[in-house]
Structure formats: C-alpha cells, structure tokens
Amino acid sequence: MNTRVIGSLQEDLAISYLEENGFEILERNFKCKIGEIDVIAQKDNVIRFIEIKFRKSNVAGGVHYAISQKKLLKISKIAQFYIMINHLNNSMFSIDALLIENDEITYLENVFGGM
C-alpha cells in the first residue's frame, strides 16, 4: 500500500475513535490558502482543531516528535481563519493531537497552549 492509502486508513481510524468518544466532526481536511487541518470537531462545547499523526514504530523518537512548533503555529493560523470565517469568536477552542503509533491511539488536548 502506498502512503496515501495508509494515511487515509489511519485517518478513518482516527475519525472512528473520535466519534466513539463523543466528538462531533465538523470538518475533515479543512483547507485554505494557509494550509490544512486534519479534523475540526466539537466536544464539551469546545471547538477542537486536531492534527492526526501516524507512525508504524517509534523510530526517530516516535509520533510525539512528529508535530513541530512550526506546524503548530501554522495550525494556529488556520484555526484563527476558520474562527473568523465562521463567526465563532465567542467559542472556546483547543489545538489537539491524535497520535497513532503501533495501532495505539493517544489523544492530547491543548498541545499549543492557549489560543
């Protein structure tokens, strides 16, 4: 299987996990001129901008090291754009990560700190 097919399967797994854990999926692969956010979801009245990362093994430090500060800053800018175009200024937000490594899922809330 090529990496695109594997990535799509892992993203489907992530979506299933989120839905099973009470997340309402608002957007998948939200794109704008700044870039893309894998998933935008809502849970507990919080809009969550979720980066999905997959690794087959913990080579090079594993999946926890796959999201750089540069990537988080880009996600933050895309999130701010989404908030603006959807008039969501009075909502609560979080930039989160869903990590899949060796078929284990870890969900990390608020990986960027306050927005």
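From a predicted model like this one, the values you see are computed outputs, not experimental measurements.

**Here's the deal with the packing of aromatic side chains**
Counted according to the given criterion, the structure contains four aromatic pairs. Put simply, the rings of F30, F49, Y82 and F93 touch in pairs and so form one group of aromatic residues.

**As for the pairing of strand β3 (residues 46-55)**
Among the 10 residues in β3, eight count as buried, and that is most of the element. Where strand β2 (residues 35-43) lies against β3, five bridges are found, and the strand directions are antiparallel. From the neighbouring strand, K43 faces β3, where its bridge partner is V46. Pairing analysis gives 10 bridges linking β3 to strand β4 (residues 92-101), with the strands arranged parallel. The residue of β4 that forms the bridge with I52 is L98.

**Section: the sheet that holds β2**
In space, the five strands of this open sheet follow the order β1-β2-β3-β4-β5, with mixed pairing throughout. Bordering the open sheet on either side are β1 (24-32) and β5 (104-108), each of which pairs with just one other strand. On average, adjacent strands in this sheet sit at an angle of 25 degrees to one another, irrespective of strand direction. Note: β4 against β5, five bridges, orientation antiparallel. If you follow L99 over to β5, its bridge partner there is T106.

**A closer look at the pattern of salt bridges**
Using the criterion set out here, one finds six salt bridges in the structure. Across the salt bridge formed by E109 and R48, the nearest N and O atoms sit 3.9 Å from each other. With E109 in the segment after β5 and R48 in strand β3, this residue pair connects regions lying 61 residues apart in the sequence. When its relative accessible area of 53% is taken as the criterion, E109 is described as exposed. Judged by its relative accessible area of 6%, R48 falls in the buried class.

What counts and how
Residues numbered from 1 in each chain as written. Predicted model: local features only at pLDDT ≥ 70, side-chain atom pairs only at ≥ 80, totals over all residues. Heavy atoms only, no water. Phe/Tyr/Trp six-rings, centres within 6.5 Å; stacked < 30°, edge-to-face > 60°. Buried < 20%, exposed > 50% of the residue type's maximum accessible area, 1.4 Å probe, protein only. Helix = DSSP H or I, 4+ residues; strand = E, 2+ residues; numbered from the N terminus. Pairing = 2+ DSSP bridges. Axes fitted to C-alpha atoms, helices over the stretch in contact; angles between N-to-C directions. Salt bridge = Lys/Arg side-chain N within 4 Å of Asp/Glu carboxyl O.

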